Structures are given as C-alpha cells and as structure tokens.
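Coordinate inspection notes
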Amino acid sequence: MTLDALRNRIDTIDAEVHALLMERARMAADIAATKGDLRSATIIQPDREARVLKRRFDDHDGVLPLPIIAHIWRTVISGVSGLQRPFQIHLSDSGDGVARDVARFWFGFQAGLVPADTAASALASLASNPGDLAVVPLAGGDGWWTGLGETAHVVARLHAPGRESDHCFLIGGALIGRSTEGATLYRAALGSTGDVPDIDGVDIIDTVSGPGGAHALIASRLPEETVDKAWREATGIDSRPLAIGGFDPDLISVAGVAAQSSRSE
Ligand SMILES: C=C(O[C@@H]1C=C(C(=O)O)C=C[C@H]1O)C(=O)O
C-alpha cells in the first residue's frame, strides 16, 4: 500500500474512534439522570472506574503498551465523570512532582489541578468542596491520613508509570463514591509503646506518633469485624480501627505490570 493509502486508512479509523468516543461521552447525561441527585456520591464511583479499567487491561492484546491504554481510558473516564459533575484535584506535592505526574496520568491534562502546600490543606479543601478529589503522596511521614474519616476517604492507591515505588493516595470528598471492593484501609490506635502488631492478613502501611498518641495506617481484605477483633487482641487496646476508605490492590498491580511493559519496550 502507498503512504497516502495507509494514511487514508488511519483517517478513517480516527473518524470511527472519535465517533465512538463521542457516543460514550453523550451517555454521561443519561447516566447522570439515572443516578438522580447530582449532589450524591453515586456520580463518581471509584469501584466502577476500577472495573472498567481492569476489563481493558484483561482484554488487552496488541502493539500499544498497556500504560498508553490505561492513560487513554483514565482520560476518557475522567472526562465523562466531569461531564456529570465538574470536579477539581487538590494536589499535595512534596516538590518532586510525583503527585502532579500521578494526577496527570490518571485524570489527563484537562483536569483542573489546585496546588496545596500540605496534605492537611488539600484535605481541608475537600471538606469545603465535597465533590472534589485530592492526590496526596504517602511519603513525608506526617501522618496526614489521621485526618481522614467523615469528610474525606481513600478511594485508590495510585502511581504514575515508571514511578511505581512512589505511591500516592487518591482521596475523595464526601460526595465521591467509596471503594467497597479490594482492601479496606483503617486508622488504628497503637499502644503507648508504639509497638506494631504482626497480624496475618493485615498490612501495616504507615505509622505516626503525635500528641493524639501513636496510630497505624493498616489495610486488609478481611471482614471489618475480624480486623477489629484481631487488632484489639494484638494491641490490648479498647479502640475500634476506623475505616477510612479502600483501594483495589489488583488495580495497582496491573498498573505496575503496565509500567514494566512500557520500560521493556
Ligand atoms: C459513567 C459512569 O460515571 C462515572 C464514569 C465512569 C466511566 O466513564 O466509565 C465510571 C464510573 C463513574 O465514576 C458510571 O457510573 O457508570
């Protein structure tokens, strides 16, 4: 085939892909109408978004590396979500650009980013803008996650391709759907010694100690009651671990595989 003929074929494919994308985007209005109240946490649903993305990863077979597929779909999902209810992303960046990279990869360049000086101020912005999201790096160790609970919750653990050791948490305001699949995250009190218990099926993600005592950020796929009982037994503390969100470990591991495949190209 000549170059012109090949380019004509690309033009035809582009028109088809574009028309299908617009058809998907037009569905946003019907979907929002079905969901009813626009001020509800059903508008942006991290569980459904994760399932859509994982289906693309599972079906993937072709020459385009997975991170490109992930980025395209994340941009589309972000756009379709924004058509239902506009939102902004509050960024707590420790100066290394990790949170910004993660936000751009997962939400595209069209998403409005609002820089925040600290994780705490990004979370405070969610309290006054409950339909917004925040991207906050775990690194830094100031235990910002102790501020999660009523007005904000973890909806995903993310990283940008090629930066898979730099985890960020995606935090949703009160009007963002809660993740119910995968692992639940808890804020759990530690004893005065700060000793961290070793419990099967419970991962310790971070610890912090401050004026309010020592706390651990833990993740588990076990039922809440099981985590509560095991934690109380192991620490001897009469305090229920507080669920502060969840994330899908499978999603991040698939994205990790995606990142590796891009590096080996
Ligand atoms: C379209 C929906 O709304 C949002 C957009 C999604 C998408 O573009 O696939 C998925 C979940 C929601 O965050 C939906 O709930 O299905």
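Residues numbered from 1 in each chain as written. Predicted model: local features only at pLDDT ≥ 70, side-chain atom pairs only at ≥ 80, totals over all residues. Heavy atoms only, no water.

The protein carries the name chorismate mutase in an unreviewed UniProt entry, which gives Amorphus orientalis as its organism.

**A few points about the layout of surface pockets**
Looking at the largest pocket, its volume works out to about 610 Å³. Together, 23 residues line the largest pocket, and Arg-24, Arg-48, Val-52, Ile-77 and Val-80 are the ones closest to its centre. The set of elements that each furnish at least two residues to the lining of the largest pocket consists of helix H1 (3-35), helix H2 (46-59) and helix H3 (66-84). Tallying contributions element by element places H1 first for the lining of the largest pocket, with eight residues. Taken together, the residues of the lining of the largest pocket sort by class into 14 nonpolar, three polar and six charged. Roughly 300 Å³ of volume is contained in the second largest pocket. Around the second largest pocket sit 17 residues that line it, and Thr-75, Ser-78, Gly-79, Val-80 and Gln-110 are the ones nearest its centre. Of all the secondary structure elements, the ones that give two or more residues to the lining of the second largest pocket are H1 and H3. (1 Å grid on protein atoms, 1.4 Å probe; cavity = no way out; pocket = protein on both sides within 12 Å on 5 of 7 lines; lining within 4 Å. Points joined across faces, edges and corners; volume = space filled by probe spheres on them. Helix = DSSP H or I, 4+ residues; strand = E, 2+ residues; numbered from the N terminus. Nonpolar A, V, L, I, M, F, W, Y, C, P; charged D, E, K, R; others polar.)

**Section: the packing of H2 against H3**
The contact between H2 and H3 brings their axes to 10 Å, and the two run at 150 degrees. Judged by the angle between their axes, H2 and H3 are roughly antiparallel. Read as a crossing pair, H2 and H3 show a hand that is right-handed. Contact residues: Glu-49, Val-52, Leu-53, Arg-56 and Phe-57 in H2; Leu-66, Ile-69, Ala-70, Trp-73, Arg-74, Ile-77 and Ser-81 in H3. For the contact of H2 with H3, a count of residues per class yields eight nonpolar, one polar and three charged. (Axes fitted to C-alpha atoms, helices over the stretch in contact; angles between N-to-C directions. Parallel < 35°, antiparallel > 145°, perpendicular 65-115°, else oblique. Left-handed = near helix turned anticlockwise from the far one by under 90°. Contact = heavy atoms within 4.5 Å.)

**Comments concerning helix H4 (residues 98-107)**
Two residues of an α-helix separated by three or four positions point the same way, owing to the 3.6 residues in each turn. The element H4 is largely enclosed, with a buried count of eight among its ten residues. Of the positions making up H4, those classed as buried are Val-98, Ala-99, Val-102, Ala-103, Arg-104, Phe-105, Trp-106 and Phe-107. Of the residues one or two after H4, Gly-108 is the one with positive phi, at around 85 degrees. (Buried < 20%, exposed > 50% of the residue type's maximum accessible area, 1.4 Å probe, protein only.)

**A look at H1**
Here H1 spans 48 Å end to end across 33 residues, near enough to the 48 Å set by a 1.5 Å rise per residue. With its phi angle positive at about 85 degrees, Gly-36 sits one or two positions after the end of H1. (Expected span 1.5 Å × (residues − 1).)

**Details of the UniProt feature "domain: Chorismate mutase" (unreviewed entry) in the protein**
UniProt's entry tags residues 1-88 with the feature "domain: Chorismate mutase" (unreviewed entry), counted in the numbering of this structure. A distance of 47 Å separates the end C-alpha atoms of residues 1-88, which is 75% helix and 1% strand. (UniProt positions renumbered as here; feature names shortened; annotations may be inferred.)

**Quick word on the domain arrangement of the protein**
Splitting the protein by domain gives domain 1 (36-179 + 248-264) and domain 2 (185-243). Just the C-alpha atoms count here: the centres of domain 1 and domain 2 sit 25 Å apart. The interface is formed by eleven residues belonging to domain 1 together with eleven residues belonging to domain 2. A per-residue breakdown of the area domain 1 buries against domain 2 is headed by Leu-138, Trp-145 and Thr-146, which together make up 52% of the total. The tally of links between domain 1 and domain 2 comes to zero salt bridges. Joining domain 1 to domain 2, the criterion identifies two residue pairs in polar contact (both at pLDDT 80 or more). In terms of residue class, the side of domain 1 that touches domain 2 is made up of six nonpolar, three polar and two charged. (Domains from an automatic or database assignment. Buried area = accessible area lost by both parts, 1.4 Å probe. Salt bridge = Lys/Arg side-chain N within 4 Å of Asp/Glu carboxyl O. Polar contact = N/O pair within 3.5 Å; in protein donor to acceptor, adjacent residues only side chain to side chain.)

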